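# Residue-level structure breakdown
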Protein chains: 2
Amino acid sequence: MQDIINRLSRIVGHTNCLSGDDLREKYDHDITGSYKGRSLAVVRPASTEDVSKILALAFETSTAVVPLGGNTGLAGGGFAGADGDKIILSLERMNKITSINRQSRLARVEAGVVLANLHAAAEAVDLVFPLVFGARGSCMIGGNLSTNAGGSNVVRYGNTRALCLGLEVVLADGEIVNLMSELHKDNTGYDLKDLFIGAEGTLGVITGAVLKLFDKPKAYATAMVAVADIASALEVLHRLQAVSGGAVEAFEYMPRNYFRHLQMVDASAPMPFDKLADTAVLVEIATTNAQHATAGPDGKVPLVALLENTLVALLESGQVLDATIAQSESQRTEMWRQREMAFEVATHLGVSLTTDVSVPLDKVDAFLNEMTARIGSVAPKAEVVVISHLGDGNLHYSLWVDPENPGQVDEAQKTAIYNLVEDVVEKLSGSFSAEHGIGLAKIGSMARRKDKAALAVMRRIKRALDPKNIMNPGKMLP
Amino acid sequence: MQDIINRLSRIVGHTNCLSGDDLREKYDHDITGSYKGRSLAVVRPASTEDVSKILALAFETSTAVVPLGGNTGLAGGGFAGADGDKIILSLERMNKITSINRQSRLARVEAGVVLANLHAAAEAVDLVFPLVFGARGSCMIGGNLSTNAGGSNVVRYGNTRALCLGLEVVLADGEIVNLMSELHKDNTGYDLKDLFIGAEGTLGVITGAVLKLFDKPKAYATAMVAVADIASALEVLHRLQAVSGGAVEAFEYMPRNYFRHLQMVDASAPMPFDKLADTAVLVEIATTNAQHATAGPDGKVPLVALLENTLVALLESGQVLDATIAQSESQRTEMWRQREMAFEVATHLGVSLTTDVSVPLDKVDAFLNEMTARIGSVAPKAEVVVISHLGDGNLHYSLWVDPENPGQVDEAQKTAIYNLVEDVVEKLSGSFSAEHGIGLAKIGSMARRKDKAALAVMRRIKRALDPKNIMNPGKMLP
């Protein structure tokens, strides 16, 4: 073991091969608090060549390697266990934005670039990299790619996978695969890029990427909309997509009791409607057209008028019950703050458990109805709050087993609830992990619920690319 | 051999197991005329279960299988060789559109659905499946997916890969893998779907798919635009994307001599400009907003006015030299007819060779300049015509070696020209096969030019999923 640490030190330098306990705490504990362990060492390469040398050494010595970005994952994918036998390979020093190209609308980055830093670099030239979620200030591009991260803008721009044209990957034996394509069309062989994206470091280490950039919107129009039901919400989504030419940037479901809980946390939060509706959505559309973003002679911003007119028409036809359109940037910010307080709302009141599932768009209603009918069988006193990226069919179904005694929950009951949620999801051809991935947290579900033939194909690919099973072993594949 | 044919007949019925020479002609010859062969038999399954049984038999007997859709591929991917030892597995009877779902904007189809039939079914409910190219009347969805087909609308909707949410695949040993997801977010394991898409049938047979549908545009605005140079053309593209919110549906490069040749084929074709420019583009934007599609009180259609105003501004700043906007559907149709005559223009005059390459958007100019400088070294009298899906950086660089003697071309010279084109493409980090795939036609380029490490990964995956090498052997992988 000490020999391996010495050899790693020679590759990256002593200060970048951490094996003292206190230094490693930051890497050996995860943000959910579920995983606390002990790695053999934390190694911080400065270049792809360093990564290659580290993996060659790991391969030679059959030492397991756990790649790590910003350590913000929610499924334990970056956890190195408690046995002190695995290397954490932190990409944090490979944090260079190599280029931002306005003519081709592309960025070339190293894997350790913090997402928010790429946001800033793109915005500096009036472009955006549209992947956005809470952890943006510390998560890294390599981790975003390895977990195919989602977030609020997927309805418009797709998952991380859809934002990537090219990759650089180092394989288990240290071989570097150059897939750093800047091409929009390239049919020369298997789509290896998408195989490594979302593989959670089990097939190789992503060290660099070519990412798509987009015109920065010149204005947003944002509203809280109360709707008759989920089917009406989807009609609102489709209508807004049609009138805006697919410019719906976010479409977030927020049910009545979410607002009620929000008020418990923050009594001063303004409510969007006089009378809260059972079903509401936070909707945002955007424009990159300067004229549509600028108030005309009538004082109205065309984009806002478009949103307003569409909602008025839907109000008349009964799908929309009420709506509040943000009249200023501060009102817009407040709407988003209320949405982004989801984590705070949950933790403040000690949510018993939360899930990350998805169903087909036309099955969201069925999912919610069936859960309402069946949750009492496993949690008679449960209070449920669902936050959902409704535009993608992605639901975070969360609950308090006993709202009178928040925080009290027994593991057997927790398991029963997870199983029920996953049973309903499976019946509706949904996914038991929509955006957070498998890691360690969902490995049991993977064993029980993934299509057996698909799982067998995954195992064959894993064996073919990582024959010694040193790449993030024990993760993703049961 | 006869035993295999008998067993195949028992699976699909005698009338669907063809082994008479005349019956097979349709399957054993390809549309380019380059490949004429002889298969052991042509088998036409009616269901996924049939496909599974056929492959189980093939696996047991180590018989090679060549999956075939509409037989419109341009790279010989569906060719079963001349040895009479391979089965052609035609998906044509699996031609059912299982469902078209407006609420979730999805279609479920069998692999043998003809693309144009899916177009019609989607349009019947006011939606579109936006994959469009010349062979749409006979090509099939399974083939489109297996080759990750491109076409003119990629700039807006992406390649076939981007249009697919779910797949059903039968593996080499007959195992059925159900990846028929209708989910927009699903992070449960490796992205197997994208591995089979574009694999040209070398990893399994695609038997079904879940495909995305989109709102049908309510109006198009189309123009021929003469620009100062390629950099100006890209500025036109970016400006139009910004003002339209990414609604550029097509952006096709058409150089001066293309129009000159077009007139040789069709003297009555109206020219878009009084004075032909070196560089022109056919551009089309679309809207799904009824109001933008309808003439206002001033008699102007807002979408057309948007295109016009944008082009006028670019005319004033010098990037645009001249422009003709289609004032009627018939003028629009004529513009597209002129673009789609590319194949006729080339064949009428006996083009010596054509290519299908791509380069990064900001390298198109460099590619054209370097080719102009160097083509004389291998073809001193050459006349070049380039048609390009410029919005994707995809160029079909075609030439007559000797315009005085069209059709005269010697194989060694042809090879020298291909090599030169590919050398220049490689230098610019481009692709030697942008949308047509590898098949047999590009297998040599694959061996010479594909990243060696990527090729090795491909081979490992191929061996893992098709250990007996019976799935379309000899294709794609050199």
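So, here's what we can say about the structure.

The rules behind these values
- Residues numbered from 1 in each chain as written.
- Chains lettered and ligands numbered in written order.
- Predicted model: local features only at pLDDT ≥ 70, side-chain atom pairs only at ≥ 80, totals over all residues.
- Heavy atoms only, no water.
- Helix = DSSP H or I, 4+ residues; strand = E, 2+ residues; numbered from the N terminus.
- Buried < 20%, exposed > 50% of the residue type's maximum accessible area, 1.4 Å probe, protein only.
- Axes fitted to C-alpha atoms, helices over the stretch in contact; angles between N-to-C directions.
- Parallel < 35°, antiparallel > 145°, perpendicular 65-115°, else oblique.
- Left-handed = near helix turned anticlockwise from the far one by under 90°.
- Contact = heavy atoms within 4.5 Å.
- Nonpolar A, V, L, I, M, F, W, Y, C, P; charged D, E, K, R; others polar.
- Salt bridge = Lys/Arg side-chain N within 4 Å of Asp/Glu carboxyl O.
- Least-squares fit on C-alpha atoms with pLDDT ≥ 70 in both.
- Pairing = 2+ DSSP bridges.

Attention shifts here to unusual backbone geometry. A negative phi angle is the norm for most residues apart from glycine, just as the trans form is the norm for most peptide bonds. All names here are of chain B. A positive phi angle, near 50°, is found at Ser62, a position not held by glycine. Looking at the secondary structure, you find Ser62 in the loop between helix H3 (48-61) and strand S3 (64-68). Looking at Ser62, the relative accessible area reads 46%, which means it is partly exposed.

Our focus in this paragraph is the packing of helix H8 (residues 230-244) of chain A against helix H10 (residues 302-316) of chain A. Residue and element names in this part refer to chain A. One way to put it is that H8 packs onto H10 with a least axis distance of 11 Å and a crossing angle of 140°. By the angle between their axes, H8 is oblique relative to H10. Helix-helix and strand crossings are classified by hand; for H8 and H10 the assignment is right-handed. Each of Glu235, Val236, Arg239, Leu240, Val243 and Ser244 in H8 lies in contact with H10, whose residues at this interface are Leu306, Leu307, Thr310, Leu311 and Leu314. Across the contact of H8 with H10, the residue classes tally to seven nonpolar, two polar and two charged.

Tallied over the entire structure, the rule returns 60 salt bridges over all chains. Notably, a salt bridge pairs Asp191 of chain A with Arg161 of chain B, separated by 3.1 Å at the nearest N-O pair. Of the two residues, Asp191 of chain A sits in the loop between strand S9 (176-179) and helix H7 (192-196) while Arg161 of chain B sits in the loop between helix H6 (154-157) and strand S8 (164-170), which places them in two different chains. Neither residue differs from the other here; Asp191 of chain A and Arg161 of chain B are each classed as buried. Among the ionic pairs, Arg332 of chain A bridges to Glu329 of chain A, the shortest N-O distance being 3.1 Å. Placement of the pair is Arg332 of chain A and Glu329 of chain A together in helix H11 (residues 329-340), with a separation of three residues, close to one helical turn. Under the relative-accessibility criterion, Arg332 of chain A is labelled buried at 15%. Salt bridges sharing common partners tie together Glu422, Asp423, Glu426 and Arg449 of chain A.

When chain B is brought onto chain A, the operation consists of a screw motion whose angular component is 180° and whose axial shift is 0.0 Å, with 0.0 Å RMSD remaining. Taken together, the rotation and translation describe the operation of a two-fold axis. Both copies share a contact surface, since 100% of the interface residues of chain B are interface residues in chain A too.

Right, let's get into the sheet that holds strand S4 (residues 86-90) of chain A. The strands that make up a sheet are held in pairs by hydrogen bonds between backbone atoms, and each pair lies either parallel or antiparallel. All names here are of chain A. The four strands are arranged S1-S2-S4-S3 in an open sheet whose pairing can be described as mixed. Each end of this open sheet is capped by a strand with a single partner; those strands are strand S1 (17-18) and strand S3 (64-68). By the bridge criterion, five bridges tie S3 to S4 in an arrangement that is parallel. Opposite Pro67, over in S4, you have Leu89 as the bridge partner. Lying on the sheet, helix H3 (residues 48-61) is in contact with strand S2 (41-43), S3 and S4; it crosses S4 at an angle near 170°.

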